[in-house]
Amino acid sequence: MLALVATTALAMSSGLRLHGSQQTRSPLVNWFAAEAGIPLTVVPPRPSAHPFGQVPFLTDDGGVEVFESGAILLYLADKAAPGASAADRARYAKWVVWSNSELDGLCFGAVPGDHRVRGTSLDKPGVRSVDRLEEILSGCEWLVDGTFSVADVAVGSYLNYTPLFFPNTDLSMRPAIVAYMDRCAARPKFAEAFGAQHAALVRAKCAAWRERAGAPKGGPFGLFK
Ligand SMILES: N[C@@H](CCC(=O)N[C@@H](CS)C(=O)NCC(=O)O)C(=O)O
């Protein structure tokens, strides 16, 4: 059960309302809201004013309406850090936008206009962006200044959907990505938002991939350099 379902009278009567459901990508919004301590109310996917009838879709006081999961994350990040400068925001916004524009396709193989998943590229050798992500994650625990941020919510959420959609994916040749996926799934707020089963499945897959690769179990990210 989502921890972020309305808990306060304020949240029930006004404030942030997220049109979403557990079987979609909307829990990634719940994950960030939980990490940032932002209360929001989850409401049914429809009816909503989403121009394309999709989820997630966020509304806020003052007539604010936000579609696109990445735009919603950035809106919430603004709320969590109202003093952030353009330079500060750029450090995480690029990862959030990259997740929607590139990583989504790399993880699921959907094509514009057709969101059916077709297959993942994460376990295909020689995919430049995935090779590069592996390199980047072999040198840092979290993407922005080594500190967990909305960038990790965006990137980690997409990566961690992959074993659910494609159970036969073998990431044993991507030890840094695997270690990162495991770190994300190990966060209590991840399990709250996506469900304990989702988190446990990701962690079990990560353990199996590590085992297949012969890497030390549960080692820090530096071991994979
Ligand atoms: N790029 C959009 C994709 C939204 C999307 O594809 N949502 C799916 C659920 S994960 C949906 O609403 N599917 C039903 C539909 O398209 O009618 C985002 O990141 O918000």
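Scoring rules and cut-offs
Residues numbered from 1 in each chain as written. Predicted model: local features only at pLDDT ≥ 70, side-chain atom pairs only at ≥ 80, totals over all residues. Heavy atoms only, no water. UniProt positions renumbered as here; feature names shortened; annotations may be inferred. Helix = DSSP H or I, 4+ residues; strand = E, 2+ residues; numbered from the N terminus. Buried < 20%, exposed > 50% of the residue type's maximum accessible area, 1.4 Å probe, protein only. Contact = heavy atoms within 4.5 Å. Areas by Shrake-Rupley, 256 points an atom, 1.4 Å probe, with all protein chains shown as cover. Axes fitted to C-alpha atoms, helices over the stretch in contact; angles between N-to-C directions. Parallel < 35°, antiparallel > 145°, perpendicular 65-115°, else oblique. Left-handed = near helix turned anticlockwise from the far one by under 90°. Pairing = 2+ DSSP bridges. Salt bridge = Lys/Arg side-chain N within 4 Å of Asp/Glu carboxyl O.

- Looking up the protein chain in an unreviewed UniProt entry gives the name Glutathione S-transferase, with the organism given as Diacronema lutheri.
- Regarding the protein chain, the relevant UniProt record gives this comment under Sequence similarities (unreviewed entry): "Belongs to the GST superfamily."

### Brief notes about the overall build of the protein chain
So, step 1. When its secondary structure is counted, the protein chain shows nine helices and four strands.
So, step 2. When the helices and strands of the protein chain are listed from N to C terminus, the series reads α-β-α-β-β-β-α-α-α-α-α-α-α.
So, step 3. Residues counted as buried form 47% of the 225 residues belonging to the protein chain.
So, step 4. If you take every contact in the protein chain between residues at least 6 apart in sequence, the share linking residues at least 24 apart comes to 68%.
So, step 5. Just so you have it, the protein chain exposes about 10700 Å², and 57% of that area is on carbon and sulfur atoms.

### Regarding the packing of helix α5 (residues 128-137) against helix α7 (residues 175-185)
So, step 1. Relative to each other, α5 and α7 sit at 65°, their axes nearing to 7 Å. Classified by the angle their axes make, α5 and α7 are roughly perpendicular. Taken as a pair, α5 and α7 cross one another with a handedness that is left-handed. Between α5 and α7, the residues in contact are Val 130, Leu 133, Glu 134 and Leu 137 and Pro 175, Ala 176, Ile 177 and Tyr 180, respectively.

### Details of the pairing of strand β4 (residues 64-67)
So, step 1. Sheet topology places strand β3 (residues 57-60) next to β4; four bridges connect them, and they run antiparallel. What sits directly across from Asp 60, in β4, is Val 64.
So, step 2. Hairpin connection from β3 to β4: three residues lie between these consecutive antiparallel strands, with Gly 62 at a positive phi of about 80°.

### As for the pairing of β3
So, step 1. Burial of the side chains of β3 extends over both faces: Phe 57 and Thr 59 are buried on one face and Leu 58 and Asp 60 on the other.
So, step 2. Direction of pairing for strand β1 (residues 17-19) relative to β3: antiparallel, over a ladder of three bridges. By the bridge assignment, Arg 17 is partnered in β3 with Thr 59.

### A short note on the side chain of Asn 160
So, step 1. Note on placement: Asn 160 falls in helix α6 (residues 150-165).
So, step 2. Every residue in contact with Asn 160, bar those within four places of it in the chain, is listed here: Met 181, Cys 184, Ala 185, Phe 190, His 198 and Val 202.

### Brief notes about the pattern of salt bridges
A side chain of one charge can pair with a side chain of the opposite charge if their charged atoms are brought near each other.
So, step 1. Scanning the entire structure with this criterion turns up 14 salt bridges.
So, step 2. Note that Asp 60 and Lys 79 form a salt bridge whose closest N and O atoms lie 2.9 Å from each other. Taken together, the positions of Asp 60 in strand β3 and Lys 79 in helix α3 (residues 69-80) put the pair 19 residues apart, joining distant regions of the chain.
So, step 3. What makes Lys 79 partly exposed here is its relative accessible area of 40%.
So, step 4. One salt bridge in this structure joins Lys 189 and Glu 192, with 3.6 Å as the shortest N-O distance. Highlighted residues: Lys 189 and Glu 192, both in helix α8 (residues 188-194), separated by three residues, approximately one helical turn.
So, step 5. In this structure Lys 189 comes out as partly exposed when scored by relative accessible area, which is 30%.

### Some details on the sheet that holds strand β2 (residues 41-43)
So, step 1. The mixed open sheet is built from four strands, whose spatial order is β2-β1-β3-β4. The strands lining the two open edges of the sheet, one partner per strand, are β2 and β4. Averaged over neighbouring strand pairs, the angle between their axes works out to 20° when direction is ignored.
So, step 2. Contacts from α3 reach β3 and β4, with the element oriented near 135° to β4.

### Quick notes on unusual backbone geometry
So, step 1. Cis geometry is adopted by the peptide bond preceding Pro 47, which originates at Arg 46 and carries an omega value of 0°.
So, step 2. Mapped onto the elements of the fold, Pro 47 is located in the loop between β2 and β3.
So, step 3. Positive phi values are uncommon outside glycine, yet Asp 145 reaches one of about 55°.
So, step 4. Mapping Asp 145 onto the fold places it in the loop between α5 and α6.
So, step 5. When its relative accessible area of 55% is taken as the criterion, Asp 145 is described as exposed.

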